[in-house]
Amino acid sequence: SVAGNMALRQLCNLLPSSLRATGQRSFRAVADVEIDLADRETLKKYVGVRDHLSREAGSKASLMTALRGVLEAVKVLPSVSDYRRAVEATCQYRLSVCEANDADASIEEVLDAHMEELIKECKEEVHLIPLMNENRPWDVPATYSVPVFDYHDAAEVLAAPKK
């Protein structure tokens, strides 16, 4: 129905841009149901957040705890590594957003992601840190040289006489 299509289009506009489909697509409502677009839990159910990321609702407190956990875990890495500095900067920014906003919806809007996504990302980062520490990609021997390949312009190659 037309009303169902309009409701789904409105629903899509409320999604963070990272979850929006690009281009025009047509939507077909399966059933005529009233969707309360102001209810974030209903919205997350319809976009699959509950099915694919977490059955538990994300909250400001659990996100802040996860971010602090990442900040603590990253301390095992050398302070000069770019990876550590990038992780710390990202976590500190996200913590500042959490501290500046009271509502979960506001935090999700500023960070352009669902709380559940961010919490899952923190958990994955904590699992990645020991791997980074073990492999130490920032320790490059002084004798290492980056291989450089000669560049050949495609026009030159195509214009060359055939042998």
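In case you missed it, the structure is sitting above this.
Just so we're clear, the structure is a prediction, and the values are computed from it rather than from any experiment.

1. Notes on the overall build of the protein chain
A tally of regular secondary structure across the protein chain gives 8 helices and 0 strands. For the protein chain, the N- to C-terminal ordering of α and β elements is α-α-α-α-α-α-α-α. Looking at the protein chain as a whole, 28% of its 163 residues are labelled buried. Taking contacts inside the protein chain between residues at least 6 apart in sequence as the whole, the part at least 24 apart equals 63%. Within the structure as shown, the protein chain displays about 11,700 Å² of accessible surface, and the carbon and sulfur contribution to it stands at 54%.

2. Some remarks on the environment of His127
Note that His127 resides in helix H7 (residues 115-135). In this structure, the C-alpha to C-alpha distance between His127 and Ala73, residues 54 residues apart in sequence, is 9.3 Å.

3. Digging into helix H4 (residues 60-73)
With 14 residues, H4 should reach 20 Å at 1.5 Å per residue; the first-to-last C-alpha distance of 20 Å fits that figure. Of the positions making up H4, those classed as buried are Lys60, Leu63, Met64, Ala66, Leu67, Val70 and Leu71. Each buried residue of H4 lies within a common arc of 160° when the element is viewed along its axis, so the set occupies one face. Facing away from the buried surface of H4 by more than 90 degrees, the exposed residues are Ala61, Thr65 and Glu72. The elements touched by buried residues of H4 are helix H5 (82-100), helix H6 (104-111) and H7.

4. Brief notes about the packing of H5 against H6
The geometry of H5 relative to H6 is characterised by a closest axis approach of 9 Å and an angle of 145° between their N-to-C directions. At the point where H5 passes H6, the crossing takes the right-handed sense. Residues Tyr93, Arg94, Val97 and Cys98 of H5 touch H6, and the partners they reach there are Ile107, Val110 and Leu111.

Definitions and cut-offs
- Residues numbered from 1 in each chain as written.
- Predicted model: local features only at pLDDT ≥ 70, side-chain atom pairs only at ≥ 80, totals over all residues.
- Heavy atoms only, no water.
- Helix = DSSP H or I, 4+ residues; strand = E, 2+ residues; numbered from the N terminus.
- Buried < 20%, exposed > 50% of the residue type's maximum accessible area, 1.4 Å probe, protein only.
- Contact = heavy atoms within 4.5 Å.
- Areas by Shrake-Rupley, 256 points an atom, 1.4 Å probe, with all protein chains shown as cover.
- Expected span 1.5 Å × (residues − 1).
- Arc of directions from axis to C-beta.
- Axes fitted to C-alpha atoms, helices over the stretch in contact; angles between N-to-C directions.
- Left-handed = near helix turned anticlockwise from the far one by under 90°.

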